[in-house]
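Coordinate analysis (summary)
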Amino acid sequence: MKKIWIVVLIAAVLALLALGGTAGHQVTTTDAFCSSCHAYEKASWDHGVHHSVGCLDCHTGGFVRDKTQGSRKVYLVFTGQVDPHHDRLPSYPDKTMSNCIGCHMTEEVAEKNPIYMERHSEYLVAAENCIACHEGGHVQEIRDKRYLAVRRGEQ
């Protein structure tokens, strides 16, 4: 009888961890979650050319990499080692570039604008990544304001 309770307890703990992990994943993959700390990036993104694209459409390094880095960042924030409002977003240039190409260098784009494809194929040989020429959707003038101190009473 005692073994049954131990098995039930272990199953209950595993079920809670699975449900918590699933719920945590759902919450942490939303734009609202990202912008809860990265408000200036959100503001510049809203005014940029990619305002209809989600944060994780560009800023992701993959599930395991994101969750590992995210857990590390949460630890650093809660131990006071990092202020999330003055911390740069991970850009994952390699992954970001493949995301850019996945949207901007498709067969549909090639059919509609072959000159664009021809030129950008040449640019990709010369440039390290897309962000070398393009800002990536964030408005620099707004993004730079994240490092300015906000005075009381001003918004």
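Before reading on, note that the structure itself is shown above.
About the cut-offs
Residues numbered from 1 in each chain as written. Predicted model: local features only at pLDDT ≥ 70, side-chain atom pairs only at ≥ 80, totals over all residues. Heavy atoms only, no water. Helix = DSSP H or I, 4+ residues; strand = E, 2+ residues; numbered from the N terminus. Contact = heavy atoms within 4.5 Å. Areas by Shrake-Rupley, 256 points an atom, 1.4 Å probe, with all protein chains shown as cover. Buried < 20%, exposed > 50% of the residue type's maximum accessible area, 1.4 Å probe, protein only. Arc of directions from axis to C-beta. Patch = residues over 30% accessible without salt bridge, like charges linked within 9 Å, V, L, I, M, F, W, Y side chains within 5 Å. Salt bridge = Lys/Arg side-chain N within 4 Å of Asp/Glu carboxyl O.

Another aspect to go through is the overall build of the protein. Scanning the protein from N- to C-terminus turns up nine helices and zero strands. Listed N to C, the secondary structure of the protein is α-α-α-α-α-α-α-α-α in terms of helices and strands. Across the protein, the fraction of contacts at a sequence separation of at least 24, relative to all contacts at a separation of at least 6, is 67%. Summed over its atoms, the accessible surface of the protein is roughly 11600 Å², and 63% of this surface lies on carbon and sulfur atoms.

All of the buried residues along helix H3 (residues 39-46) are Glu41, Ser44 and Trp45. Considered in projection along H3, the buried side chains sweep an arc of 105 degrees and stay on one side of the axis. Of the surrounding elements, those touching the buried residues of H3 are helix H2 (31-35), helix H4 (55-58) and helix H9 (140-143).

With that settled, the discussion passes to the environment of Ala43. If you trace the backbone, Ala43 turns up in helix H3. As for Ala43 and His138, which are separated by 95 residues in sequence, their C-alpha atoms are 8.4 Å apart.

With that settled, the discussion passes to a nonpolar patch on the surface. Together, Ile6, Leu9, Ile10, Val13, Leu14 and Leu17 give the surface a local cluster of nonpolar side chains, amounting to about 590 Å² of exposed area. As for its position among the elements, Ile6 is in helix H1 (residues 2-28). What makes Ile6 partly exposed here is its relative accessible area of 46%.

Just distances and angles here, no functional claims.
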